[in-house]
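As a plain string of letters, each chain reads:
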Amino acid sequence: MSAAAFKPSVTVAAVVEHGGRFLLVEEHTPEGLRLNNPAGHLEQGESLVDAVKREALEETACRFEPEALLGLYLCRFQRPATGEDVTYLRVAFRGRVGEAEPGRTLDHGIVRTLWLTPDEIRAQQGRHRSTLVLRCVEDHLAGRRFPLDLLIADPSVINPEIKKVLS
């Protein structure tokens, strides 16, 4: 009996704190309106850093500048609405955002951005997109940070014409 290959979904997330508040997005999901860190899927042809910059811009209309790697998180989620069983590998970054770009619209499904205190985030755990929303905030508050140079994107990721020779 042959099982299908296990393929976790790779996502990136931006964790931004300013003045004791964290930037979250409120978004439509199959389970209703949920709160999430600005986050989304890694796309073919981009590095993890490029992916989090793109996702944060699309979801918040603000340019995100990653300063450190917050952590790597593995989470399994069974979607109540569809029964879909998905494992996510989330790569979370700490960083800053600039002002919202005038005239830029938020990504499809994003209702609004919010700046919430840690206590406000904790009080709304039932509305979180996943358990990783609060976990990333708590890890940020605990001071977790790793250098961005831990993440290496081989040039072949961006340019598939590059052929590597294994030695």
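All values reported here derive from a predicted model rather than from experimental measurement. Think of each chain on its own: its residues are numbered from 1, step by step along the sequence as written. Since the coordinates come from a predicted model, pLDDT governs what is reported: local features require at least 70, and pairs of side-chain atoms require 80 or more to be given and counted, while whole-chain, interface and lining totals use all residues. Side-chain calculation: all heavy atoms of the structure are included, whereas hydrogens and water are not.

(A) The arrangement of the overall build of the protein chain in detail. Along the backbone of the protein chain there are 4 helices and 7 strands. Helix and strand definitions follow DSSP, with helices as H or I runs of at least four residues and strands as E runs of at least two, each counted in order from the N terminus. Of the regular secondary structure in the protein chain, the N- to C-terminal order runs β-β-β-β-α-β-β-β-α-α-α. Taken over C-alpha atoms, the radius of gyration is set against a globule rule of 2.2 Å times the number of residues to the power 0.38. In terms of C-alpha radius of gyration, the protein chain reaches 17 Å, essentially the compact-globule figure of 15 Å for 167 residues. Each principal axis of the C-alpha distribution contributes one length, and for the protein chain these read about 50 × 40 × 35 Å. Any residue under 20% of the maximum accessible area for its type is buried, any over 50% is exposed, and the rest in between are partly exposed; the area is computed with a 1.4 Å probe on protein chains only. The buried share of the protein chain, taken over its 167 residues, is 39%. The contact definition used throughout considers only heavy atoms, calling two residues in contact when any of these lie within 4.5 Å. Put simply, 72% of the contacts in the protein chain that link residues at least 6 apart link residues at least 24 apart.

(B) Looking closely at the pattern of salt bridges. For salt bridges, the criterion is a side-chain nitrogen of Lys or Arg within 4 Å of an Asp or Glu carboxyl oxygen. Applying the stated criterion to the full structure yields 17 salt bridges. Arg 96 is the salt-bridge partner of Glu 67, the closest N and O atoms lying 2.5 Å from each other. A residue pair is termed long-range when its members are at least 10 positions apart, and Glu 67 in strand β5 (residues 62-78) and Arg 96 in strand β6 (residues 85-100) qualify at 29 residues. A relative accessible area of 38% means that Glu 67 is categorised as partly exposed. By relative accessible area, Arg 96 is classed as exposed at 57%. A salt bridge links Arg 122 to Asp 119, with the shortest nitrogen-to-oxygen separation between them at 2.7 Å. Here Arg 122 pairs with Asp 119, and both are found in helix α2 (residues 118-123), just 3 residues apart, close to one helical turn. Arg 122 gets classed as partly exposed once you look at its relative accessible area, which sits at 30%.

(C) Up close: helix α1 (residues 48-60). Expected span, for any helix, means 1.5 Å times one less than how many residues it has. In a regular helix each residue adds 1.5 Å, so 13 residues correspond to 18 Å; α1 covers 18 Å between its end C-alpha atoms and thus fits that length. Lining the buried residues of α1 we find β1 (9-18), β2 (21-29), β4 (39-41), β5, β6 and β7 (110-116). Backbone geometry just downstream of α1 places Ala 61 in the positive-phi region, at approximately 70°.

(D) Quick peek at the nonpolar core. Core analysis: the largest hydrophobic core is formed by 18 residues, its most contacted members being Leu 24, Leu 70, Tyr 73, Ala 92, Leu 116, Ile 121 and Cys 136. Listing elements by their share of this core, those giving two or more residues are β1, β2, β5, β7 and α3 (132-141). For this core, the leading source of residues is α3, giving 5 residues. Filtering out sequence-adjacent residues up to four positions away, Leu 116 remains in contact with Gly 20, Arg 21, Phe 22, Leu 24, Leu 35, Ile 121 and Gln 124. In this description, a nonpolar core means a group of buried Ala, Val, Leu, Ile, Met, Phe, Trp, Tyr and Cys residues linked to one another through side-chain atoms lying within 4.5 Å.

(E) Structural context of unusual backbone geometry. Phi at Ala 61 is positive, roughly 70°, even though this residue is not glycine. Tracing the backbone through its elements, the reader meets Ala 61 in the loop between α1 and β5. Among the residues examined, Ala 61 registers a relative accessible area of 3% and is labelled buried.

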